[in-house]
Number of protein chains: 4
Amino acid sequence: MKVPFKGIIAYPITPFDENEKVDIKLFKHLVELLVKNGSHGIAPLGSTGVLPYLSDEEKEAITEATIEQVDNRVPVLVGVSNLTTDRTVYHARFAESAGASAVMVIPMSYWKLTDDEIFRHFATVAEKISIPVMAYNNPATAGIDMSPALLKRLLEIPNVTMIKESTGDVQRMHYLRKELGEDVAFFNGSNPLALAAFSAGAKGWCTAAPNLIPELNLGLYEAIANNDLATAQNLFYKQLKLLKFIVEKGLPRAIKAGLTLLGEEGGSLRSPLNQLSEVEVKLLASLLKECGKEVYHSQPV
Amino acid sequence: MKVPFKGIIAYPITPFDENEKVDIKLFKHLVELLVKNGSHGIAPLGSTGVLPYLSDEEKEAITEATIEQVDNRVPVLVGVSNLTTDRTVYHARFAESAGASAVMVIPMSYWKLTDDEIFRHFATVAEKISIPVMAYNNPATAGIDMSPALLKRLLEIPNVTMIKESTGDVQRMHYLRKELGEDVAFFNGSNPLALAAFSAGAKGWCTAAPNLIPELNLGLYEAIANNDLATAQNLFYKQLKLLKFIVEKGLPRAIKAGLTLLGEEGGSLRSPLNQLSEVEVKLLASLLKECGKEVYHSQPV
Amino acid sequence: MKVPFKGIIAYPITPFDENEKVDIKLFKHLVELLVKNGSHGIAPLGSTGVLPYLSDEEKEAITEATIEQVDNRVPVLVGVSNLTTDRTVYHARFAESAGASAVMVIPMSYWKLTDDEIFRHFATVAEKISIPVMAYNNPATAGIDMSPALLKRLLEIPNVTMIKESTGDVQRMHYLRKELGEDVAFFNGSNPLALAAFSAGAKGWCTAAPNLIPELNLGLYEAIANNDLATAQNLFYKQLKLLKFIVEKGLPRAIKAGLTLLGEEGGSLRSPLNQLSEVEVKLLASLLKECGKEVYHSQPV
Amino acid sequence: MKVPFKGIIAYPITPFDENEKVDIKLFKHLVELLVKNGSHGIAPLGSTGVLPYLSDEEKEAITEATIEQVDNRVPVLVGVSNLTTDRTVYHARFAESAGASAVMVIPMSYWKLTDDEIFRHFATVAEKISIPVMAYNNPATAGIDMSPALLKRLLEIPNVTMIKESTGDVQRMHYLRKELGEDVAFFNGSNPLALAAFSAGAKGWCTAAPNLIPELNLGLYEAIANNDLATAQNLFYKQLKLLKFIVEKGLPRAIKAGLTLLGEEGGSLRSPLNQLSEVEVKLLASLLKECGKEVYHSQPV
């Protein structure tokens, strides 16, 4: 299946114990919550899952735990990005053999890569696996900004079938849709752009928000699917402040704090990432309440 | 009436004769075309109308010609911006006495103004007239970027009742709508953002495009008014390339060339503005055809 | 003489009376102070002189007053920029007939001009006069950023012989010097870049600072002329905070406030420009003291 | 010794063999060339040395090889940056025990770190070792831009004694020098800023250029040390085009190609990094000749 995803693709965090070791048991619990709340896909080892902070062994354990826990109820999209092509191939193969539905690749880079280097990177990875690849553009985390023209070129690689755009620039989606036609599978990765991206024709929304407010995220998608812009707009404005907050504060920090406020375990963060301040947690609590959530802990978490 | 506008607010160009003098007769003809094609409002002396290139006498002649030609069929929004507060007051009073429905003010500036200076500028102008003021933000032309927080503050001035946002940043519209509620009258001035802005709740679209493709502009607005996102999306993608072209090439240059292609007179430009190149005119011709228009001249104009 | 300027080119403010009318008598006094303190050239009607806020009559009065007061003691560089080519030609001719040594032209613009439009604008103005033209690049005030390649091209026009760069990007000066050789006459218009620009080979420094701290400005130039980097560095760091302050607060506002602090008259500003706050004036007073100046008024001015 | 470096600190590349394995023997040869040509310090595992592309074992081998080859002739600065605090501590300790003079730490990050997180990261690393730490700011590679105020704060940590600034913004160096006094040890890491940075008082220049043109790099430093700005300016303009080229093309790519042109071995690159194109290599050859170097291979390398 060339494009196994649509709708709300949920990103779990990677929780750590108090010694900053990955807590696989808690991770599986958080994945279960996402599946149960109706998310249309699960995407471990994204930015939300602090992929680049993990060792190879930790990445493999997270991949296996996700696939085991999801158990084919929804498709799984595994992040396999790495600085070198060699290590990216390694993790892509691991994900395929573990049962992933597709892999996500962002050209992380220290040195700015040329367009030809990026193309060769994707082509090399894609030809070593037979599952689909989602090309992911997010200059804010990866340091490289792939132009819409380069993204279009990447789609020439047979199993690169999906694009995730996280620049927050709706004009890039317009370009992709206009250049590639109605069938292009582009996904939005910028939370505050959710309404504009769906209005522009995005197939899905890649987001960590379903860890906290799945009802509003799924409701927005359904309104769009029903061609009901008025309802979509209304639901979007209900969740907008929360969406902006979790992006501005960093998804791993904000989701962990939000889970605790909702009465769930969020685990610890791995240094140098540090938890939100007391003031920030209080603000998050009030935003969750505005979204209709019951908050159990309003103290620093 | 506090907010006399909604829907498609059309911006005529200011045509010049071959000696670079304003051609009032041709201007009135172009205004008539905009009213006849169904535009919901007419806005002379905007950026499209090269306001800052005109002498005081020319501005006054354009103002009077518009109001006479429109003859109360739709409301008229007159641009009265000037570098000094004193001259802005002068032109605002002139517009009111001539019969304008409202004035538009952009804080043009050579020296970056402080927020307090901008607020005082608007307050001084607004209190000298009794018709509504539209505060206009367009850093690309004016060199000043008014923050959403400043725009919100400007709305505290009694007859500053409308905001026109031309940054092309949909998040600013989200902010205004979220901070000010459903009733805030914000208008979109960025053509390629037309769909996203209407999806976000914009009351209207300030645009020069109805000089060339009024059917598509009005159709988009009507689809949104009917809560029919699918149709709106379809109509938006039909006109997107043309909208991007006229913005990138500069509205006065592009509209003048487009009018000639459509068999109308566009007049000349005032130096240093120069007409589009032959290659650009050919591209414009093909884009007009894609929008369903019949093109009469495909030679350089 | 193709390049009549070098060293410190001083920019007077345009002072206004309490009714916001130009105060020519005070202006001539301020010009006299600049000549007496040793400035190597005088440049009225620059950004510091709020050129775009003035009427044609006011510009002409300022031009004549400067040339009369300077009385050939140093060369005079008159700003003649205007949005339209026609009005720029008018003011350039006026300046030449009044006795200016050269004119300065910045492509002020509301609509972004193409490189060809800018070239034609300069060529048209330059051919209508026989004195030299300084091409001035300052995107922060004019809204147009002329690339180094365009600036190089402008120097092909016979009497465009000087470039003033105010972007604050030392790499642009490197480019001009490298492309055009040691003899190119480029001037620095970014105060905090004074040391780096002279180190890069700038012929002169266009600055409003000699209204307040002429000794330090002239001393820096002399140290560079003596190939004494250590002394230049020392003098630069003495004045750096003041240079940054006057740029950040806007030169007309800051120079006016500084003159009052030093016991001189600075006149009023024209709206929307407003005077510095009490806190800002106190900070300016302390910075002037750090520069070795005696401050007479530390109260709000 | 709190600040063991001054002058020209040379960055070797990490060469790979045809199977993309690290070539330690060639690396030691390249280090020897840098020491012999008079560089004042050697800095392995920087951006030039593609630090983030290496495994832990490879980093350790490079560290040991450098210290063995340099053999105390000049001080050694080892890059130990890592995404997590834990791994940065590990490599810092390894460098100290291997005999490094100091370590360099850049806050590499996927998620934008807060100022407090960065401070804690540096404090944790610094307290686990007793050799000095150079804090390195380079948003172009690391994705985080540390403000001058944060850099100043980092210097409060006892053994954080040096700052390397690679933004290319000379105003940041002005700030550090002005805030921290003449004794602050700030180093320039932006090649095209070499002259401006030394003019501003930089203690040294961290650069990969001595792999290719050590004579010009060292000559520039000596002219500055002799307070001879005219000679420094002359030498800077001789090497400027080459400096810009190697930065624009990426240091690992450009240094590898340049070494081959000069008759040395440069090894291979690790994917996704790819060698320069034929056209780029020819341009590099001509730039090396302009710098007075004899070029042995002008064919693609």
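Structure shown above.
Here the structure is a predicted model, which is why all the values come from computation and not from measurement.

A. Structural detail: the nonpolar core. Counting 474 residues, the largest nonpolar core has Leu154(B) and Leu154(C) as the members making the most contacts within it. Filtering out sequence-adjacent residues up to four positions away, Leu154(C) remains in contact with Ile118(C), Phe119(C), Phe122(C), Ala135(C), Met146(C) and Val160(C).

B. Fine view of the packing of aromatic side chains. For the coordinates displayed, the defined rule picks out 12 aromatic pairs over all chains. For the pair Phe198(C) and Tyr221(C), a centre-to-centre distance of 5.7 Å together with 50° between the ring planes defines the contact as tilted. Note that Phe198(C) is positioned in helix α8 (residues 194-200) and Tyr221(C) in helix α9 (residues 214-225), a separation of 23 residues in sequence. Residue Phe198(C) is classed as buried on the basis of its relative accessible area, which comes to 3%. For Tyr221(C), a relative accessible area of 14% gives the class buried. Here the aromatic cluster, defined as three or more aromatic residues joined through ring pairs, consists of Phe198(A), Trp205(A) and Tyr221(A). Over the face of the ring belonging to Tyr90(B) we find Arg87(B), whose NZ or CZ atom lies 4.5 Å from the ring centre.

C. Structural context of the relation of the copies chain A and chain B. By a simple turn and slide, chain A fits onto chain B: the slide is 0.0 Å along the axis, the RMSD is 0.0 Å, and the turn is 180°. The transformation just described matches what one would write down for a two-fold rotation axis. Judged by C-alpha distance, Ala196(A) is the residue of chain A that lies nearest the rotation axis, at 2.6 Å. Interface overlap between copies is the fraction of interface residues in one copy that are interface residues in the other; for chain A against chain B it reaches 100%, indicating a shared surface.

D. Quick look at the interface of chain A and chain D. Every contact between the two is made by 32 residues of chain A and, on the other side, 32 residues of chain D. For the chain A and chain D pair, buried surface summed over both sides reaches about 2900 Å², with 59% attributable to carbon and sulfur atoms. Together, Tyr110(A), Trp111(A) and Pro272(A) form the three largest contributors to the area buried by chain A at its contact with chain D, with a combined 31%. Seen at the junction of chain A and chain D, the total is 2 salt bridges. The residue Arg253(D) makes a salt bridge to Glu117(A) at a minimum N-O spacing of 2.5 Å. Broken down by secondary-structure element, the contributors of at least two residues to the side of chain A that touches chain D are α4 (115-127), α5 (139-142) and α11 (251-261) of chain A.

E. Fine view of the environment of Met162(D). Residue and element names in this part refer to chain D. Along the chain, the position of Met-162 falls in strand β6 (residues 160-165). Residues Met-162 and Val-133, spaced 29 residues apart in sequence, show a C-alpha to C-alpha distance of 6.6 Å. If near-sequence neighbours (up to four positions away) are discounted, Met-162 is found in contact with Lys-2, Val-3, Pro-4, Phe-5, Ala-102, Pro-132, Val-133, Met-134, Ala-135, Leu-155, Ala-185 and Phe-187.

F. Quick look at the sheet that holds strand β4 (residues 102-105) of chain B. Spatially, 8 strands are ordered β2-β1-β8-β7-β6-β5-β4-β3 (chain B) in an open sheet, and the strand pairing comes out parallel. A single partner strand is all that each edge strand has here, and the edge strands are β2 (41-42) and β3 (77-79) of chain B.

Thresholds applied
Residues numbered from 1 in each chain as written. Chains lettered and ligands numbered in written order. Predicted model: local features only at pLDDT ≥ 70, side-chain atom pairs only at ≥ 80, totals over all residues. Heavy atoms only, no water. Core = buried A, V, L, I, M, F, W, Y, C linked by side-chain atoms within 4.5 Å. Buried < 20%, exposed > 50% of the residue type's maximum accessible area, 1.4 Å probe, protein only. Contact = heavy atoms within 4.5 Å. Phe/Tyr/Trp six-rings, centres within 6.5 Å; stacked < 30°, edge-to-face > 60°. Helix = DSSP H or I, 4+ residues; strand = E, 2+ residues; numbered from the N terminus. Lys NZ or Arg CZ within 6 Å of the ring centre and 35° of its normal. Least-squares fit on C-alpha atoms with pLDDT ≥ 70 in both. Buried area = accessible area lost by both parts, 1.4 Å probe. Salt bridge = Lys/Arg side-chain N within 4 Å of Asp/Glu carboxyl O. Pairing = 2+ DSSP bridges.

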